[in-house]
Amino acid sequence: MQCAECLDLLNPYHDGELLPEELAEVRDHLALCPECTRAYDELVATSHLLQDGLVRYAAPDVLNARIRSALAHEDATPLRPAFASPRWLRLAAAGLLIAVTSSLATWGTVRVRGASRTARDEILATHVRSLMPGHLMDVASNNQHNVKPWFNGRVDLSPPVPALDSTGFVLDGGRLDYVGGRTVAAIVYLRRQHVVNVFSWPEAGDDSDPSVVTTQGYHLVNWRTGGVAFWAASDLNQTELSEFVALFRHGGAEAKR
Ligand SMILES: [Zn+2]
């Protein structure tokens, strides 16, 4: 069994919906493949989060993003009353619940057997999953010299990590993620409270200019440079996300294989 097939079957595997021979194949693959095992662990953790009361854990992550964003703008003082407001917390919790519901709807869509998962769907699902508590960062740092070397030996490219703080896009860190059955680099920037994920992986083909797709309230921008595919994903408005992509492309030395 290949990783892509295994990843496709993780949801029904977790839900106990596989036929016995499929179940055995997935179990055998997981026993041998740390990457699929990690993807499966994330799925299980997400499932537990939903069962155990997402709301209890939700607020600190949003607060965290807001605090970092506020610090980046040296504008923290007016935020204190807002943090203390139960109404704000309720809104935040409601927002996260919507995000998670939307994520599950996406998973529900892509888990249909035999249906081809488009790159767009995968990027969206991966982006939304990253917003869940504890999933956003493997290396949390706003210093590109900490983030970039962290990927050495973990992915088969050296992802560009341009410093864009002066433009209002603050580097927040990076992590490994999974798209289309492969391990990819994800670099995280913050604009106000909006998370921007930049996914990249080696991909043969000509260079292509950024193109934007909008799906379920998220904007996804895809381009290819020097044999590396890039996807930027955010709920940031399209204008600002396009601005970010232009800055990122300008500021990032090309990814080296
Ligand atoms: Zn695998």
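Residues numbered from 1 in each chain as written. Predicted model: local features only at pLDDT ≥ 70, side-chain atom pairs only at ≥ 80, totals over all residues. Heavy atoms only, no water.

1. Brief notes about the pairing of strand S2 (residues 170-179)
Basically, it comes down to this: Residue burial is assigned from relative accessible area. The probe radius is 1.4 Å, only protein chains are included, and a residue is buried under 20% of its type maximum, exposed over 50%, and partly exposed in between. A run of H or I in DSSP counts as a helix once it spans at least four residues, and a run of E counts as a strand once it spans at least two, with each numbered from the N terminus. Two strands are said to pair when DSSP picks up at least two bridges between them.
For S2, a buried count of 10 out of 10 residues is recorded, marking the element as mostly surrounded by other parts of the structure. Where strand S1 (residues 139-140) and S2 come together, 2 bridges link them in antiparallel fashion. Note on S2: the bridge partner recorded for Val139 is Gly174. Linkage of S2 to strand S3 (residues 182-191), two consecutive antiparallel strands, is achieved through a turn of 2 residues, within which Gly180 is found at a positive phi near 60°.

2. Focus on the packing of helix H1 (residues 3-14) against helix H2 (residues 20-32)
As a reminder of what qualifies: Helix axes are fitted to C-alpha atoms over the stretch in contact, other axes to C-alpha atoms as well, and angles between N-to-C directions run from 0 to 180 degrees. For classification purposes, angles smaller than 35 degrees are called roughly parallel, those larger than 145 roughly antiparallel, those between 65 and 115 roughly perpendicular, and all remaining angles oblique. Whether a crossing is left-handed or right-handed is set by the direction in which the near helix is turned from the far one by less than a right angle, anticlockwise for left-handed and clockwise for right-handed. Contacts: residue pairs with any heavy atoms within 4.5 Å of one another. Each residue gets one of three labels, nonpolar for Ala, Val, Leu, Ile, Met, Phe, Trp, Tyr, Cys and Pro, charged for Asp, Glu, Lys and Arg, and polar for the others, Gly among them.
Packing of H1 against H2 leaves a shortest axis separation of 10 Å and a crossing angle of 120°. Here H1 is positioned oblique relative to H2, judged by the angle of their axes. Both H1 and H2 take part in a crossing whose hand is left-handed. Along its contact with H1, which presents Cys3, Cys6, Leu9, Leu10 and Tyr13, the element H2 presents Glu22, Leu23, Val26, Arg27, His29 and Leu30. Its residues placed into classes, the contact of H1 with H2 shows 8 nonpolar, 1 polar and 2 charged.

3. Some words on the nonpolar core
When a protein is soluble and globular, its nonpolar side chains tend to lie buried together. Just so we agree on the cut-off: Definition of nonpolar core: a set of buried residues of the types Ala, Val, Leu, Ile, Met, Phe, Trp, Tyr and Cys, connected through side-chain atoms within 4.5 Å.
Of all hydrophobic cores here, the largest spans 26 residues; its most connected members are Phe151, Ile187, Tyr189, Val198, Phe244 and Phe248. Counting only elements with at least two residues in this core, the list comes to helix H8 (144-150), S2, S3, strand S4 (194-202), strand S6 (218-225), strand S7 (228-234) and helix H9 (238-251). Counting 14 residues, the second-largest nonpolar core is a separate cluster that includes Cys6, Leu7, Leu18 and Tyr40.

4. Quick look at the coordination of the zinc ion
Ideal geometry at a metal gives 109.5 degrees between four tetrahedral donors and either 90 or 180 degrees between six octahedral ones. For clarity, the cut-off: Shown as donors are all N, O and S atoms within 2.8 Å of a metal ion, widened to 3.2 Å for Na, K and Ca; because water is not in the atom set, sites may appear incomplete. Between 85 and 135 degrees for all angles marks four donors as tetrahedral; over 155 degrees for opposite donors together with 65 to 115 for all other angles marks four donors as square planar and six as octahedral; every other arrangement is irregular.
Every protein donor of the zinc ion is listed here as Cys3 (SG), His29 (NE2), Cys33 (SG) and Cys36 (SG), and their distances to the metal cover 2.0 to 2.3 Å. With 4 donor atoms in place around the zinc ion and angles of 102 to 113° between them, the coordination shape is tetrahedral.

5. Describing the sheet that holds S4
Through backbone hydrogen bonds, the strands of a sheet pair up, either in parallel or in antiparallel fashion. Sheet architecture is open: 7 strands sit in the order S1-S2-S3-S4-S7-S6-S5, paired in antiparallel fashion. Whereas interior strands pair on both sides, the edge strands pair on one side only; in this sheet they are S1 and strand S5 (208-215). Of the strands in this sheet, S2, S4, S5, S6 and S7 touch helix H7 (residues 119-130), which is tilted by about 125° from S2. Sheet strands in contact with H9 are S3, S4, S5, S6 and S7, and its direction is about 25° off that of S6.

6. Side note on the pairing of S6
Strand residues, when the strand is regular, have side chains that alternate between the two faces of the sheet. With respect to burial, S6 is a largely interior element, 6 of its 8 residues being buried. Across 6 bridges, S5 lies against S6 in antiparallel orientation. Across the sheet, the residue bridging to Thr215 is Tyr218, located in S6. As judged from the 7 bridges shared by S6 and S7, these two strands associate in the antiparallel manner. Bridged to Trp223 within S7 is Phe230. In textbook terms, the turn of a hairpin is the stretch between consecutive antiparallel strands, and for S6 and S7 this stretch comprises 2 residues, one of which, Gly226, has a positive phi near 55°.

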